[in-house]
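Survey of secondary and tertiary structure
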Amino acid sequence: SYWLSGSVNQLLLQSEFSITYIWTLNGEILKQGLMAGNSRIDLDEGIDGNISCSVKNHVSHAQNSIR
């Protein structure tokens, strides 16, 4: 399982299992990699757009977005 939490300029993805993640802003990749535990991304003031985090492992995948 995973969840997004935090304010507009600080987001935290938490997971119980090792997964592959991709953070995007308006479709542009900001950060990606393998994760075990947490992945955090800090955004500069004034960032506008749609931020998404896609996650997947060997059995499932999910995506969540905030604007």
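Residues numbered from 1 in each chain as written. Predicted model: local features only at pLDDT ≥ 70, side-chain atom pairs only at ≥ 80, totals over all residues. Heavy atoms only, no water.

The protein chain has the name Ig-like domain-containing protein in an unreviewed UniProt entry, where Cirrhinus mrigala is given as its organism.

1. Some words on the overall build of the protein chain
Assigned secondary structure in the protein chain consists of 0 helices and 7 strands. Mapped in sequence order, the helices and strands of the protein chain form the string β-β-β-β-β-β-β. Relative to its 67 residues, the protein chain shows a buried fraction of 25%. Here the analysis covers contacts within the protein chain between residues at least 6 apart in sequence; of these, 40% occur between residues at least 24 apart. (Helix = DSSP H or I, 4+ residues; strand = E, 2+ residues; numbered from the N terminus. Buried < 20%, exposed > 50% of the residue type's maximum accessible area, 1.4 Å probe, protein only. Contact = heavy atoms within 4.5 Å.)

2. Quick word on the nonpolar core
Within the largest apolar cluster, 10 residues are counted, these being Ile19, Tyr21, Trp23, Leu25, Met35, Ile41, Leu43, Ile51, Cys53 and Val55. Secondary-structure elements contributing two or more residues to this core are strand 3 (19-25) and strand 6 (51-56). The dominant element in this core, judged by the number of residues it contributes, is strand 3, at 4 residues. (Core = buried A, V, L, I, M, F, W, Y, C linked by side-chain atoms within 4.5 Å.)

3. Points about the confidence of the model for the protein chain
Of all residues in the protein chain, 72% attain a pLDDT of 70 or more, and the chain-wide mean is 76. Mean pLDDT values for the elements of the protein chain range from 53 in strand 1 (residues 2-7) up to 88 in strand 3. (pLDDT = per-residue confidence, 0-100.)

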